[in-house]
Amino acid sequence: MLPGSSPKPLLTQDSASASVLYTKEPVTLKCKITEDSEGWTYLWYKDGDPNTPVDQASDSTYTMPSAQPSDSGEYKCQVKRESFTSELSDSRVLTIKGK
């Protein structure tokens, strides 16, 4: 990483390649960072609110074991360690439909 630059995490979806899923299907999002993976805190955001993460964890995955229509939205991730915070990832839009 260049001095003064900020890595941008890559947001991927484990459960399916489609962004349209159905109620009660599991969904796992992964936030990948190219830097050393030790010591990062992963922040998960939904629907563009960068001030209020929906989850904060030391694990790089965000899992919805039984997705509901209310889980539909635009997700982004960000990583931080000590005083450093990355850029936000590109978004991943999920649509959860009833069966």
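That block above? That's the structure.
Here the structure is a predicted model, which means the values were calculated and not measured.

Caption draft 1: Layout of the nonpolar core. Ranked by internal contacts, the top residues of the largest apolar core, which has 17 residues, are Val27, Leu29, Tyr42, Trp44, Met64, Tyr75 and Leu94. Every element with two or more residues in this core is listed here: β3 (27-32), β4 (41-46), β6 (61-64), β7 (73-81) and β9 (92-97).

Caption draft 2: Just the packing of aromatic side chains, in detail. For the coordinates displayed, the defined rule picks out three aromatic pairs. Centroid distance Tyr62 to Tyr75: 6.1 Å. Interplanar angle 40°. Geometry classified as tilted. Here Tyr62, found in strand β6, pairs with Tyr75, found in strand β7; they are 13 residues apart in sequence, far enough to count as distant. In this structure, Tyr62 and Tyr75 share a single accessibility class: buried. Three or more aromatic residues joined by ring pairs make a cluster, and in this case those are Trp44, Tyr62 and Tyr75. One residue, Arg81, lies across the ring of Trp40, its end atom 4.1 Å from the ring centre.

Caption draft 3: Broad picture of unusual backbone geometry. Even without glycine at this site, Lys24 takes up a positive phi of about 75°. Mapped onto the elements of the fold, Lys24 is located in the loop between β2 (20-22) and β3. The phi angle at Glu82 is positive, at roughly 55°, despite the residue not being glycine. Looking at where Glu82 falls in the secondary structure, it is placed in the loop between β7 and β8 (84-85). The exposure class of Glu82 is exposed, given its relative accessible area of 80%.

Conventions used here
Residues numbered from 1 in each chain as written. Predicted model: local features only at pLDDT ≥ 70, side-chain atom pairs only at ≥ 80, totals over all residues. Heavy atoms only, no water. Core = buried A, V, L, I, M, F, W, Y, C linked by side-chain atoms within 4.5 Å. Buried < 20%, exposed > 50% of the residue type's maximum accessible area, 1.4 Å probe, protein only. Helix = DSSP H or I, 4+ residues; strand = E, 2+ residues; numbered from the N terminus. Phe/Tyr/Trp six-rings, centres within 6.5 Å; stacked < 30°, edge-to-face > 60°. Lys NZ or Arg CZ within 6 Å of the ring centre and 35° of its normal.

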